[in-house]
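Topology and contacts: notes
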Amino acid sequence: MPLRSTSILLLVLFLFPSHSFPLSTSSRWIVDQISGYRVKLSCVNWPGHLHVMIPEGLNKKPVKAIVSDISHTMGFNCVRLTWATYMYTRYSNITVSESLDKWNLTGAKEGVRKNNPELLEMSVVEAQNVVVNELGKGKLMVVLDNHVSLPEWCCGENDGNGFFGDVFFDPDEWLQGLVAVARRYNSNPSVVAMSMRNELRGPHQNVASWYKYMQQGAVAIHQENPDILVIFSGLSYDTNLKFLKSEPLSINLDNKLVFESHWYPFGQPSDKWILQTNEYCANVTKWFMDNSGFLFLTDKNSFPLFLSEFGLDQRGENEMENRYFICLLMTMAENDIDWALWQLPGSFMLREGEVEKEDVFGMYDFKWKKLRNSTVLEKLQFVQTKIQGNVGSSNQTSYIIYHPLSGKCVKGGNNLSMTKCRQATRWDHLHDGGAIRLAKKTTHCLTTIKQGLPPIISNHECSSPQSLWNVVSSSKHHLASKDSQGNDVCLEVDPSTSKVVTNKCLCLDDNLRDVPKCEENPQRQWLKLIPTN
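Structure report, in brief. All values derive from a computational prediction rather than experimental measurement.

Examining the overall build of the chain
When helices and strands are counted, the chain shows twelve helices and 24 strands. If one aligns the C-alpha atoms of the chain with their principal axes, the spans along those axes are about 75 × 55 × 45 Å. The burial tally for the chain puts 58% of its 533 residues in the buried class. When the accessible surface of the chain is summed, it comes to about 21,600 Å², and 50% of that surface belongs to carbon and sulfur atoms. Between the averaged position of the 53 positive side-chain charges in the chain and that of its 56 negative side-chain charges there is a distance of 6 Å.

Below is the structure:
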């Protein structure tokens, strides 16, 4: 290797240490292309597609501090960084200072001058590059998401940014932008993937145009930058990929093809979530799996699915969203989905005509000083980890009993308690209706005593009704057994002590079926056996 090439390689390795690059796919998993081992994306969305065309928050904190928070405080390993097509096709030479001046954002400009002064005279494209490189130095992977064409807040049914041919969505200019980004980040190991377009939507959307243009975009990216993953979004605000069941894609991207989907509770009836939590969670989970999740469950030609947006009001005041979030976490854990939470910012420089607009979905608070709600992060910690390895893993599958309401898992002992999931007890469970045994200790099993009392780990009678466990309710999130009096009881986490007890199954009738209406929240009894290897 020539000396100059060696020096460049060493510089790249110094700037972008030790995360897997390039990535590839193997069946439903994203993997390290060299070793073949699974790499899980546990990301946060960092919007940079709005009017100013730089990532939000650069007026609040130094970029290095934000990157450190994302990685060390919040525990994400990846950022989905959004950008607008026009930033590359029309405004690539405008400086950050000029962009801020255009919108009369004097306060934000002073904030950037204080926290990231070196960016002011850079172009918006160069400023994005600085952020991407800083993320790489922080060992964070980057997914670059083409969010809109015209830089503005997303998304509306008739905002002109929704579908190919809309007033701000010229397919040729879109392709030009994709190629420019793919070229700029070619051989940059920070950028592991590009998502082609966020939330296709609106009155003009149709399947034929989707196949035509999305495949064109994917081929263009792959030709320009064959190392990165190419992510396909669906129709109807990225909730519908169902049409792929009858007509798969006709292109081959050399194992670089990933699909994405979004899952929010917007427009869903609040009373269903609150009064029929078990049943409604089952219904929306089935809807998600039918429209998107089937891609990683198919026996043949399965693909990775990236849940690239989900989120909730982090103040915790919206009970419907709280219950949706717990339902979603259970599906994410059970299937170990790659994901990106919406979102990082607690405020925006300019959004929908409002300067310094607060956003309660943000991980940060309004001032970007602290976490808005640390309990949200606690609930995310288990799904941030790699729960399942890809096919061929040498470790035998066992189970962890997961409680998404707390974000914790069951630890065995004299009294079962909740702990961080990486410290949780491993269990064996051969079939529904069978014993839940300590892994590798076939004579020790989970056994009920009496309603209201903790279960125990017994070393005998593992075939008695008190040691046989069924998955019940339409949500399939309750674990039920019989106590010593023959009563049906479910595992439950006592919120005051964090101890595991058994109690009457919430929101279920005497036949362990969902009741039509229930005033209680059954989610304290949502404990599930999650496979892990």
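Considering the nonpolar core
Core analysis: the largest hydrophobic core is formed by 119 residues, its most contacted members being Trp46, Trp210 and Phe232. Sorting elements by how many residues they give to this core places helix α11 (residues 319-335) first, with ten residues. Setting aside residues no more than four positions away along its own chain, Trp210 makes contact with Phe163, Leu200, Gln215, Phe232, Ser233, Gly234, Leu235, Leu241, Phe243, Leu244, Leu249 and Phe259.

Notes on the environment of Lys476
On the secondary structure map, Lys476 appears in the loop between β20 (470-472) and β21 (478-482). Put simply, Lys476 and Leu446 are 30 residues apart on the chain and 19 Å apart in space, counted from C-alpha to C-alpha. With near-sequence residues (within four places) excluded, Lys476 lies in contact with Val471 and Lys528.

Quick look at α11
Here α11 is 17 residues long and its end C-alpha atoms lie 25 Å apart, about the 24 Å a rise of 1.5 Å per residue gives. Judged by how many residues are buried, α11 sits mostly within the fold: 15 of 17 residues are covered. Phi for Asp336, located one or two positions after α11, is positive at around 50°.

Quick word on the sheet that holds strand β23 (residues 500-503)
The four strands lie next to each other as β20-β21-β22-β23, forming an open sheet whose pairing is antiparallel. A single partner strand is all that each edge strand has here, and the edge strands are β20 and β23. Pairs of neighbouring strands in the sheet enclose a mean axial angle of 45°, with direction left out of account. Note that β21 and strand β22 (residues 488-493) share three bridges and pair antiparallel. In the sheet register, Ser481 faces β22, and the bridge partner there is Val489.

What about the packing of α11 against helix α12 (residues 374-384)?
At a minimum axis distance of 9 Å, the contact between α11 and α12 shows a crossing angle of 20°. For the element pair α11 / α12, the angle class is roughly parallel. In the crossing of α11 with α12, the sense of the turn from one axis to the other is right-handed. Residues Phe325, Ile326, Leu329, Met332 and Ala333 of α11 form the contact with α12, whose participating residues are Val376, Lys379, Leu380, Phe382 and Val383.

Examining the state of the cysteines
Counted under the stated rule, the structure contains seven disulfides. The residue that forms a disulfide with Cys409 is Cys421, at a sulfur-sulfur distance of 2.0 Å. Taking the sign of the S-S torsion, about 85° here, the bridge from Cys409 to Cys421 comes out right-handed. Pair noted here: Cys409 is in strand β14 (residues 408-411) and Cys421 is in the loop between β15 (417-419) and β16 (427-428), with a separation of twelve residues, a long-range link. For the pair shown, Cys409 and Cys421 are each scored as buried.

Remarks on the packing of aromatic side chains
Counted under the stated rule, the structure contains 25 aromatic pairs. Each ring, one from Phe169 and one from Trp174, has its centre 6.2 Å from the other, and the planes form 65°; the classification is edge-to-face. You'll find Phe169 and Trp174 in the same group, each marked buried. Grouping aromatic residues by their ring pairs yields a cluster made of Trp210, Tyr211, Phe232, Phe243, Phe259 and Phe303. Positioned over the ring face of Phe366 is Lys60, at 5.3 Å from the centre of the ring. The ring of Trp153 is capped by Arg351, whose NZ or CZ atom sits 3.6 Å from the centre of that ring.

Conventions we followed
Residues numbered from 1 in each chain as written. Predicted model: local features only at pLDDT ≥ 70, side-chain atom pairs only at ≥ 80, totals over all residues. Heavy atoms only, no water. Helix = DSSP H or I, 4+ residues; strand = E, 2+ residues; numbered from the N terminus. Buried < 20%, exposed > 50% of the residue type's maximum accessible area, 1.4 Å probe, protein only. Areas by Shrake-Rupley, 256 points an atom, 1.4 Å probe, with all protein chains shown as cover. Lys, Arg positive; Asp, Glu negative; His and termini not counted. Charge placed at Lys NZ, Arg CZ, Asp CG, Glu CD. Core = buried A, V, L, I, M, F, W, Y, C linked by side-chain atoms within 4.5 Å. Contact = heavy atoms within 4.5 Å. Expected span 1.5 Å × (residues − 1). Pairing = 2+ DSSP bridges. Axes fitted to C-alpha atoms, helices over the stretch in contact; angles between N-to-C directions. Parallel < 35°, antiparallel > 145°, perpendicular 65-115°, else oblique. Left-handed = near helix turned anticlockwise from the far one by under 90°. Disulfide = S-S within 2.5 Å. Phe/Tyr/Trp six-rings, centres within 6.5 Å; stacked < 30°, edge-to-face > 60°. Lys NZ or Arg CZ within 6 Å of the ring centre and 35° of its normal.

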